[in-house]
Each structure stands twice: as C-alpha cells, then as structure tokens.
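# Coordinate inspection notes
Below are the chains, spelled out letter by letter.
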Amino acid sequence: MNLDKAKKRISKQVKKGFNGYPQISLEYFGNTPETATEVVISFTMEANAEPQKQTFVSKSDIREDETIQSTLVKIIERADAKTVTEIEGVSIRSSSL
C-alpha cells in the first residue's frame, strides 16, 4: 500500500469518531514537534480494560514511513477496531529517557 493511501485510510477511520470497542489509539512522539520518530499504538478491547501497547521507532519521520503506516492500517483492520483515535501533533519525549 502506498503512503498516501495508508494515511488517508487512517484519517478516515479517525474522522468516524467513537463507535465503541475495540478501540485503537495512535500517539506520535519525537524530540521536536516537527519530526515524529516513534508511534505508540494502543489497543483497548472494552471499557475500563488495560490497553495493550506496541511501539514502532524510526530514524526519520515515522509519519512519512510507508511500511509503518501500512502496518498501522493492517493492525486496525485485523483488530476489527470500531473506534480509531489519534493524538494530534507530536508529543515531545523527555531527553532523560
């Protein structure tokens, strides 16, 4: 799947809003607000359940990585997620980590 198609599919799922569980949340992290080098994908099966998390890391902007974005789409599809949320922007990682 090409990068634009993957990004559009994720965006379309996010725009649907909350439709119940299972839910997938995406949050991007980086050292600067311009470049995300990490994405954390959280899967929550039902309300009040502890989310399962998986992290992907890249040396360049992960939002522009075709392989990672395609993988996120496949995870969303395979989880049969009813809701997909995305934290806007890039959260800054503390340099002490």
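Please refer to the structure higher up on the page.
Residues numbered from 1 in each chain as written. Predicted model: local features only at pLDDT ≥ 70, side-chain atom pairs only at ≥ 80, totals over all residues. Heavy atoms only, no water.

## A closer look at the layout of surface pockets
In this approach, a probe sized like a water molecule rolls over the atoms, and the result shows the empty space that is left. In this structure, the largest pocket occupies an estimated 200 Å³ of space. Lining the largest pocket are Lys7, Ile10, Ser11, Tyr28, Asp61, Arg63, Glu64, Gln69, Glu86, Ile87, Glu88 and Gly89. Residue assignment for the lining of the largest pocket shows that the elements contributing at least two residues are helix 1 (3-15) and strand 4 (83-92). Examining the composition of the lining of the largest pocket, we find that four residues originate from one element, strand 4, more than from any other. (1 Å grid on protein atoms, 1.4 Å probe; cavity = no way out; pocket = protein on both sides within 12 Å on 5 of 7 lines; lining within 4 Å. Points joined across faces, edges and corners; volume = space filled by probe spheres on them. Helix = DSSP H or I, 4+ residues; strand = E, 2+ residues; numbered from the N terminus.)

## Description of helix 2 (residues 66-78)
The end-to-end C-alpha separation of helix 2 is 18 Å, in line with the 18 Å expected for 13 residues at 1.5 Å each. Turning to helix 2, its buried residues are Ile68, Gln69, Ser70, Leu72, Val73 and Ile76. The inward-facing, buried residues of helix 2 contact helix 1, strand 1 (23-30), strand 2 (38-44), strand 3 (52-57) and strand 4. Regarding helix 2, its N-cap is Asp65, as a side-chain oxygen of that residue lies 3.0 Å from the backbone nitrogen of Thr67 further along. Just downstream of helix 2, Asp80 is the residue with a positive phi angle, here 50°. (Expected span 1.5 Å × (residues − 1). Buried < 20%, exposed > 50% of the residue type's maximum accessible area, 1.4 Å probe, protein only. Contact = heavy atoms within 4.5 Å. Polar contact = N/O pair within 3.5 Å; in protein donor to acceptor, adjacent residues only side chain to side chain.)

## Re the pattern of salt bridges
One pass over the structure, following the stated rule, counts five salt bridges. Close ionic contact of Arg9 with Glu77 constitutes a salt bridge, the shortest N to O distance being 2.1 Å. Taken together, the positions of Arg9 in helix 1 and Glu77 in helix 2 put the pair 68 residues apart, joining distant regions of the chain. On the basis of relative accessible area, Arg9 is assigned to the partly exposed category, the value being 33%. A relative accessible area of 43% places Glu77 in the partly exposed class. Residue Lys82 is joined to Asp80 by a salt bridge in which the shortest nitrogen-to-oxygen separation is 3.2 Å. The class for Lys82 is partly exposed, based on a relative accessible area of 38%. By relative accessible area, Asp80 is classed as partly exposed at 48%. (Salt bridge = Lys/Arg side-chain N within 4 Å of Asp/Glu carboxyl O.)

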